[in-house]
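For reference, the chains in residue letters:
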Amino acid sequence: MKSSTSVVELVMLLCSQEWQNSIQKNAGLAFIELINEGRLLCHAMKDHIVRVANEAEFILNRQRAEDVHKHAEFESNCAQYAADRREEEKMCDHLISAAKHRDHVTANQLKQKIVNILTNKHGAWGALAHSHLHDFWRLDYWEDDLRRRRRFVRNPFGSTHLDIMCRSLDDYAREEEDDVVKKRKSFRSQAVVSQNQEAELMLEGEDDTVSLLQDKDMDNLAGPVVLSTPAQLVAPVLAARGTLSITTTEIYFEVDEDDPAFKRLDPRILAYSEGLHGKWMFSEIRAVFARRYLLQNTALEVFMANRTSVMFNFPDQPTVKRVVYSLPRVGVGTSYGLPQARRISLATPRQLFKSSNMTQRWQRREISNFEYLMFLNTIAGRTYNDLNQYPVFPWVLTNYESEELDLTVPGNFRDLSKPIGSLNPKRAVFYAESYESWDEETPPCHYTTHYSTADSTLHWLVRIEPFTTFFLNTNGNKFDHANRTFSGIMRSWRHCQRDTSDVKELIPEFYYLPEMFVNSNGYCLGDRDDGTPVCDVELPAWAKTPEDFVRINRMALESEFVSCQLHQWIDLIFGYKQRGPEAVRALNVFHHLTYEGSVNLDGLAADPQLREAMEAQIQTVGQTPSQLLIEPHPPRSSAMHLCFLPQSPLMFKEQMQQDVIMVLKFPSNSPVTHVAANTLPHLAMPAAVTVTCSRLFAVNRWHNTVGLRGAPGYSLEQSHHLPIEMDSLIANNAGTNKRQITDLVDQSIQINSQCFVVTADNRYILVCGFWDKSFRVYSSETGKLTQIVFGHWDVVTCLARSESYIGGDCYIVSGSRDATLLLWYWSGRHHIIGDNPNNSDYPAPRAVLTGHDYEVVCVSVCAELGLVISGAKEGPCLVHTITGDLLRALEGPDNCCLPRLISVSSEGHCIICYERGQFCNFSINGKLLAQMEINDSTRALLLSSDGQTLVTGGDNGVVEVWQACDFKQLYVYPGCDAGIRAMDLSHDQRTLITGMASGSIVAFNIDFNRWHYEHQNRY
C-alpha cells in the first residue's frame, strides 16, 4: 500500500454490504474446506508436538539415567577407593605387626645367642655359670650340597621327657577299631573323588613367549606390596594359615594367630617351627620348586642361601603361578643343569627329569648313587618340610646277623627289582591273593600301608629332636610300646619281611646320620616283652659303632651290586612300575589315595567335614612320589667299561705308575711353606702356587696330563708331559720383584703354611703376620698390594679359605693373638674382602668368633657345613657356625691339648694334629672317632675330597696315607731327602704336590680308588 487513502478505500470496500453478500454467496464451501484443512493441520501439529515432546522426554530420561549411573559409579569408586585405603591400611598394620613379631623373634634369638656365648664353658661367664646337668641338642635345618642334614646345635627346649609314658597294647587295639570306623565312613564318600591319574601341573607345553611377556608384566609392577595372598606355611606336623606378602625385594609371611587351628597347636611344636613370622630377602633365594600338598599341585618350596628351605601351600594353581612370577628368576638352582627361569620352577617333575643332565651324569658315574637318589626325591616332590613326603631310600643289605660283612658276596644284598613287600615269597603270595580277592568299594591294592609315611619317618627318628617332640605330638604325648619302637636294625629288617602291615623303606639318614641310633637324651623308651630295656638302637654284629654302620651301609649303597640294579628300584618308586598294569605285575599297588591325581579336594568344598576327613586320610596312608618316567629307567654304565676311559675317576694302573712324577727345584733354596694347587681346566691360569719361607711366591703353570701318565711310551724326560712348569719369572731370575712380598712381618711370627691363602683363581695371595695387626691381599700377577684388612687387636697368626662358590666367592677366616677369629667374605667378582668395592678400605667381618683363651694357631673353614673349627696355642679346639655361634669344644684325650693343624672335610671328618705326633678324628658333632700317634713332626695334612683318606707329611720327609675313619695305614711313599712343609692335591685328586724344606716341590702320583678297592670290601 502506497498511501493511507488506498488503505481506507480497501477497508471500506471489504466492509461494504455487497462484499459481505458476495462472500456469503460464493465462498461458503471454500471457507468450510479452509476450516477442515485448519483442523487437519491442527491435528498434524498436535501429533508433531506430542512426538517432539516424547522425544524430549526420552532424551531427558536418558540423561537422567546417565546422571544416576554416573552418580552410582562415583559412589562405587568412592567406596572402592575407601575400601582400597582400608585394605592398604590393614596391610600396613599387618606388615607393622609382622615386623614387630619378627623383631621380637630376632631379639629372642640374639639374646639366646649372647647367653650361649657368655655362659658356654669357654665363654666369658663360663666359670661362673652353673652348667646344666645335661646338654641338649637338636638336628639343625642346615643342608649340605647333597641335602644332608647332619649338624646338631644346642637345643634350649630340650628335655629327657621323663614324664612321658609308653603306650600300652590296649591303646593300639582301641586305635585300630577307630581306624576301621573312620575308613568305612570315608570309603563310602569316595564316589565323588576324581580319578585323574595323569594330573599334571599347569605348565605342560607352555609357550616361552607367554612366559617372557608375563615376566615383563611382573617386572613392571610397582608399589610396596607386589602380591598378597592367603597361604599355609607347611612344616613338619603343622600347616599354619596366614598371609604371604611379596614386595619387590622381600617375602613376608605372617601367621594368623587368631585361627582356631593355630590356637590348638602345641607350643612345643611351634618352638621348633621357623618362619611363622618370616622374612626372606630375594637375594637369599637360590631355588624355587613347585610342590604338592595333600596330593594337590598348589605348593611351592623355596630354598635359601643359608641352606634351609621354606614351603608354602596356596589356595589354587593360578596363585602358585602368580607367586612364582613375583619371585626372582632362579629356577630350581644351578645343580641340575637346568636354566634359571621361572618356567623351570613351574615345570612338572617329569619335565624336570627329562630336561636335567643328572641321569647321564649318574650313568657316567660322575655322581654317587646317594646323590642321584636325593636328586630324584627332590624333583619328585619329596621334602623335609612335609613328613608325609619325606625322602625315601631303599634297604640295600639283607645280612644283619654275621660278625663280618663281605660286600663282594651277592647274597648280602637285597633284590632291588622287587618292592619291599614281595621280597619274602610267602608274603608275595599273600599280597597277590589279597589283590585278586579284593571286595571293597575302593580300587584294589596289594598294600593298605605305604613304604613312606609321617609315622614311619618319626618311627626311625624318634631318638633325636625335634622329631621326638613331633612323635609325641602325633601319638597322644606317649612313646610307642617298647615292642613297636625302633630298637634294632636286624629286628626292623625281619619285621618288614614278615609282618603283612609293614612295608617301610628307609630314609636318607640311614646313610649319613649315626646320631639317629643313639639315645643321647636319655629317653625312657620302656622294656620289651623279654625284659630288655630299649635305649640305643641295636646294631648288626659287623658294625661296632653307629658310625661304622652308617659308613658300611653307605659303602653298600655305592657298591657295584647296588649300582647295577638301582635303576630297577627307581622304576618301582619313581618310574613306570609305580602305577598301571606294570605296577600290578610287580606287586607294587598301594592304596589309591596315595597317588597323585586320585582326589580333587576343591570338589569337596561344599562339604567341609568330608574334605577334612579326606585330608586326614591322605595324611595317614602316605603319598607316593610323583611319577618321573613312564618307560624303563636306563641302567648305570659298567665300572669295568669306565675304567678304560682316560678321564675316568675309577681308572688306576698301579703297575704302570711311578710314585714320584717330578721334582721341581727353585733357585732360592728357601723352604716352600705353602702350596695351593688350583688346577681346574676352566681357569684362565691353572697353576700350583708356591710360597717360600722368605715370602717369595711362584705361579707354576699346571698342564693337565691325565691319560698321558702311565700310557705306553710315556717318559719322564718328555718335559711337556710333566704336570708342573716352573714360573718363568722365577726360572729366569728376571722380574722376581713381581714375586716378592717385601712388607715386613712381625719378628715373632714363624712363617708357616697357615700364614698364606691363595684364591681359587690363583690371582691373589692373602698374607698375615704383619706388625700392624692386619692381613693383606697381593696380586699374583704383579706382586702389588691391593688391600689391607684390619679388624684384630693383635697380630694375625693364621688364615684359612673355604671352598669357593660359583664366581669365586668364598669365606676367609683370620685367627689372631687376641684369641679371636674373624670371618670375612671374599668377593670373586670384585677381588676384595667385603661386598662393597666402594668401601674396600674398611670391610666389616661377617662374624666374630670367641671362646679361646690363647693365641689362635690353626683354623679350618667349611662353607658346605657352615662350620669353622679352630685351635689355640693351648686348650681344646672349638667349633663355631659361620654365623658366630659357638657350638662345642672338641675335647681330645688328656695328652691332646696343643693343636697345631686342622683339616675338615665336607663329609664331616675333622682331623686335628697335636704336638708330639698325636692325631684325633672327630665328627662334626664332637664325637671322638679315632686317635693315633706317629713318630714324625707333622707339618702338613690334608683330606681327600670324599673325606675318607688322610695324607700326612712332616720333618721325616715321608708322605703317609691313612684311612680317615680309623687311622689304618694304607700306603707309605718313599722318603724324600728333605722335610715336608706343605701339600695340596690337584683338582682331579690324582696328583699330590708337596713343598719341601730344601726349596723344591715334589709331585706324587696318588690314587685313592686303588686303596678304596683294596681295603674296603670286608668289615
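Above this text you will find the structure in question.
Predicted, not measured: the structure shown is a model, and the values here were computed from it. (Residues numbered from 1 in each chain as written. Predicted model: local features only at pLDDT ≥ 70, side-chain atom pairs only at ≥ 80, totals over all residues. Heavy atoms only, no water.)

Participant: Could you clarify how one ought to interpret the overall build of the protein in this entry?
Facilitator: Helices and strands together make up the secondary structure of the protein, namely 24 helices and 38 strands. Accessible area for the protein stands at about 46900 Å²; split by element, carbon and sulfur atoms hold 53% of it. (Helix = DSSP H or I, 4+ residues; strand = E, 2+ residues; numbered from the N terminus. Areas by Shrake-Rupley, 256 points an atom, 1.4 Å probe, with all protein chains shown as cover.)

Participant: What is the right way to read the sheet that holds strand E14 (residues 724–725) from this model?
Facilitator: Sheet architecture is open: four strands sit in the order E11-E12-E13-E14, paired in antiparallel fashion. With partners counted over all chains shown, the strands left at the sheet margins are strand E11 (672–678) and E14, one partner each. Judged from the two bridges that link them, strand E13 (residues 697–702) and E14 form a sheet pairing that is antiparallel. Within E14, the residue paired with Arg 701 across the bridge is Glu 725. (Pairing = 2+ DSSP bridges.)

Participant: For this particular structure, what's the right way to read helix H19 (residues 566–573)?
Facilitator: Because an α-helix packs 3.6 residues into every turn, residues spaced three or four apart end up facing the same way. In terms of burial, H19 is a largely internal element, seven of the eight residues being buried. Residues of H19 that are buried include every one of Leu 566, His 567, Trp 569, Ile 570, Asp 571, Leu 572 and Ile 573, and no others. Here the buried face of H19 lies against helix H11 (358–363), helix H12 (369–379) and helix H18 (560–563). (Buried < 20%, exposed > 50% of the residue type's maximum accessible area, 1.4 Å probe, protein only. Contact = heavy atoms within 4.5 Å.)

Participant: Just to check I follow, could you spell out the environment of Gly 597 for this structure?
Facilitator: If you trace the backbone, Gly 597 turns up in the loop between helix H20 (581–585) and helix H21 (608–621). Residues Gly 597 and Asn 297 lie 300 residues apart in sequence; the distance between their C-alpha atoms is 9.2 Å.

Participant: I'm lost on the packing of aromatic side chains in this one. Help?
Facilitator: In the structure shown here, the tally under the stated rule is 41 aromatic pairs. An angle of 65 degrees between the planes, with centres 5.3 Å apart, marks the rings of Tyr 384 and Tyr 390 as edge-to-face. Each member of the pair, Tyr 384 together with Tyr 390, is buried. On the basis of an interplanar angle of 35 degrees and a centroid distance of 4.9 Å, the ring pair of Tyr 447 and Phe 590 is categorised as tilted. Within this pair, whereas Tyr 447 is found in the loop between helix H13 (425–436) and helix H14 (454–460), its partner Phe 590 is found in the loop between H20 and H21, the two being separated by 143 residues in sequence. For the residue pair Tyr 447 and Phe 590, the accessibility class agrees, reading buried in each case. Site record: aromatic cluster; members linked through ring pairs are Trp 395, Tyr 400, Trp 460, Phe 486, Trp 493, Phe 510, Phe 517, Trp 542 and Phe 549. (Phe/Tyr/Trp six-rings, centres within 6.5 Å; stacked < 30°, edge-to-face > 60°.)

Participant: Is there a simple way to explain the environment of Phe 561 in this structure?
Facilitator: Position of Phe 561 relative to the elements: it lies in helix H18. Residue classification places Phe 561 among the partly exposed positions, given a relative accessible area of 26%. Along the backbone, Phe 561 and Val 396 are 165 residues apart, and their C-alpha atoms lie at a distance of 9.4 Å. Residues contacting Phe 561, with those up to four places away along its chain left out, are Leu 407, Thr 408, Val 409, Pro 410 and Phe 413.

Participant: So what exactly am I meant to see when it comes to unusual backbone geometry here?
Facilitator: The bulk of non-glycine residues show a negative phi, and the bulk of peptide bonds are trans. Cis geometry marks the peptide bond from Glu 465 to Pro 466, where omega comes out at 5 degrees. In this structure, Val 237 is a non-glycine residue whose phi angle is positive, near 60 degrees. Mapped onto the fold, Val 237 is located in the loop between strand E3 (227–235) and strand E4 (238–246). The backbone phi angle of Leu 295 is positive, close to 70 degrees, even though this residue is not glycine. Relative to the helices and strands, Leu 295 is located in the loop between strand E7 (285–293) and strand E8 (296–304). Note on Leu 295: relative accessible area 3%, which makes it buried.

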